Protein chains: 2
Amino acid sequence: MASSTMEFWYEFASTYSYISVEEIDDKAHSAGVRVEWKPFLLGPVFARQGWRDSPFNLYPAKGAYMWRDLERLCVRKKLAWRRPTTFPRNGLLAARVATAIGDARSSKAFTKAVFRSNFVQDEDISDSAVIARALKRAGLSSDEWLQRAATEETKELLRLRTEEAESRGIFGAPTFVAHGELFWGGDRLDDALDWMTSKP
Amino acid sequence: MASSTMEFWYEFASTYSYISVEEIDDKAHSAGVRVEWKPFLLGPVFARQGWRDSPFNLYPAKGAYMWRDLERLCVRKKLAWRRPTTFPRNGLLAARVATAIGDARSSKAFTKAVFRSNFVQDEDISDSAVIARALKRAGLSSDEWLQRAATEETKELLRLRTEEAESRGIFGAPTFVAHGELFWGGDRLDDALDWMTSKP
């Protein structure tokens, strides 16, 4: 069924998700489109395709291209960027925290802080101290949200979210869902927003 | 080294290459960029990554997305489109013919005719009768070019072209090479043209 909200599915380890996290607010605002941020885990999705690592590591030519492409894109879009010394970093803890916070302004602020930790400060986002700092930068209590992230309820919510991604046919990140249609890849954000506004 | 010509690497079986084949002339002309058309074979490149079939067949969610995306893109770009009943079709003969003709206006006309056979008329482009018709539509002698396509010289040229693609880091089609930089995917054609004109 059509919805007036576009869904933004992202994974904390994903390089191209970083670009979308940085630019989606401005672009969606200009287009007059509401966005729901949906963190999920790409690991289980990849595992079911037989991949035990990022395709960017499994296929070196694709990986080499991606790193150069990210560098170029960030220059063009005037985004800070440093190639992380470890890739992919484990985004499980960050995804649980974001899931616990839910779809709120503070969750976006937390998400942006984590992406900058990973792709600008080259910090290990699986480290709870790094996540605690990201929570503080978002104006949130680190003790409270690290605790809530560890509850069974949060874990189950994230599992269900990831299963939902798969059942919707999502196979990579970022993916935008506009009126039920998938648009895969950061370079398809404009297309997804066009789909929202031209097919109401 | 910088070159004033952008390279357009494509594979006859590739759905996203079809869109680029249809739109690259107009876009490059508007940008004032010369384009060299470089047919190559994706099969050997995929085989070296361990794939014995198209990733769109190996990964069903990615395949389902691609078919829907192609349909949407062709509507938006006002291109004729029919999902082929066989995918991928073997583009070896077509690639040999295009290689034999070389980088000429008639080669482009032949290439466009073959892509329409595959993705509009749903014809088997590995069939020499289909290729003969495409040659005729391009105003070329089918006997002459089918013969030249079968020479050792042409076969070797195409092998070398495909090896060149791999050594350049090309891992998919279409790929545009602008001043030595790769841009992968039909949706990056505008970026590649920008790179040609903004970084002379």
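Above this note sits the structure.
All values reported here derive from a predicted model rather than from experimental measurement. (Residues numbered from 1 in each chain as written. Chains lettered and ligands numbered in written order. Predicted model: local features only at pLDDT ≥ 70, side-chain atom pairs only at ≥ 80, totals over all residues. Heavy atoms only, no water.)

Attention now goes to the overall build of chain A. A tally of helices and strands in chain A yields 10 helices and 4 strands. Ordered by position from the N terminus, the helices and strands of chain A form the series β-α-β-α-α-α-α-α-α-α-α-β-β-α. Radius of gyration (C-alpha) of chain A: 16 Å, near the 16 Å computed for a compact globule of 200 residues. Projected onto the principal axes, the alpha-carbon positions of chain A cover approximately 45 × 40 × 35 Å. Pairs at least 24 residues apart make up 70% of the contacts formed inside chain A by residues separated by at least 6 positions. When the accessible area of chain A is evaluated, it comes to approximately 9,100 Å², of which 50% is carbon and sulfur surface. With 29 positive and 28 negative side-chain charges, chain A shows a separation of 3 Å between the mean positions of the two kinds. (Helix = DSSP H or I, 4+ residues; strand = E, 2+ residues; numbered from the N terminus. Rg over C-alpha atoms; globule rule 2.2 N^0.38 Å. Contact = heavy atoms within 4.5 Å. Areas by Shrake-Rupley, 256 points an atom, 1.4 Å probe, with all protein chains shown as cover. Lys, Arg positive; Asp, Glu negative; His and termini not counted. Charge placed at Lys NZ, Arg CZ, Asp CG, Glu CD.)

Taken together, the contact between chain B and chain A spans 21 residues of the former and 21 residues of the latter. Interface of chain B and chain A: buried area, both sides summed, is about 2,200 Å²; carbon and sulfur atoms make up 52% of it. For the interface between chain B and chain A, the tally reads 8 salt bridges. Notably, a salt bridge pairs Arg76 of chain B with Asp191 of chain A, separated by 3.0 Å at the nearest N-O pair. Inspection of the chain B/chain A interface yields 14 residue pairs in polar contact (both at pLDDT 80 or more). Among the elements that take part in the side of chain B that touches chain A, helix H4 (residues 60-76) of chain B stands out by supplying 8 residues, more than any other. For the side of chain B that touches chain A, the per-class residue count stands at 10 nonpolar, 2 polar and 9 charged. (Buried area = accessible area lost by both parts, 1.4 Å probe. Salt bridge = Lys/Arg side-chain N within 4 Å of Asp/Glu carboxyl O. Polar contact = N/O pair within 3.5 Å; in protein donor to acceptor, adjacent residues only side chain to side chain. Nonpolar A, V, L, I, M, F, W, Y, C, P; charged D, E, K, R; others polar.)

To continue, consider the relation of the copies chain B and chain A. For the match of chain B to chain A, the screw axis carries a shift of 0.0 Å, the RMSD comes to 0.0 Å, and the turn is 180 degrees. The operation mapping one copy onto its partner corresponds to a two-fold rotation axis. Considering only C-alpha atoms, the part of chain B nearest the rotation axis is Asp187 of chain B, at 3.8 Å. (Least-squares fit on C-alpha atoms with pLDDT ≥ 70 in both.)

Here the structure, examined in full by the defined rule, presents 44 salt bridges over all chains. Here Arg48 of chain A makes a salt bridge to Glu166 of chain A, at a shortest N to O gap of 3.0 Å. You can see Arg48 of chain A sitting in helix H2 (residues 42-48) and its partner Glu166 of chain A sitting in helix H9 (residues 152-167), a full 118 residues away along the chain. The exposure class of Arg48 of chain A is exposed, given its relative accessible area of 60%. For Glu166 of chain A, a relative accessible area of 24% translates into the label partly exposed. For Arg168 of chain B, the salt bridge identified is with Glu7 of chain B, shortest N-O distance 2.9 Å. Of this pair, Arg168 of chain B sits in the loop between helix H9 (152-167) and strand S3 (175-178) while Glu7 of chain B sits in strand S1 (residues 5-10), and the two are 161 residues apart along the sequence. (Buried < 20%, exposed > 50% of the residue type's maximum accessible area, 1.4 Å probe, protein only.)

Here we take up unusual backbone geometry. All names here are of chain B. Omega for the bond connecting Phe87 with Pro88 falls within 30 degrees of zero, at -10 degrees, which places this linkage in the cis form. Within the fold, Pro88 resides in the loop between H4 and helix H5 (92-101). Between Ala173 and Pro174 the backbone carries a cis peptide bond, its omega angle lying at 0 degrees. By secondary structure assignment, the location of Pro174 is in the loop between H9 and S3.

All names here are of chain B. Overall, mixed pairing links the 4 strands, which are arranged S2-S1-S3-S4 in an open sheet. Where the open sheet ends on each side, the last strands, each with one partner, are strand S2 (34-39) and strand S4 (181-184). Strand-to-strand, the axes of this sheet are offset by a mean angle of 25 degrees, without reference to chain direction. For S3 and S4, the ladder comprises 4 bridges, and the chain directions are antiparallel. Following the sheet pairing, Phe176 is matched in S4 by Phe183. (Pairing = 2+ DSSP bridges. Axes fitted to C-alpha atoms, helices over the stretch in contact; angles between N-to-C directions.)

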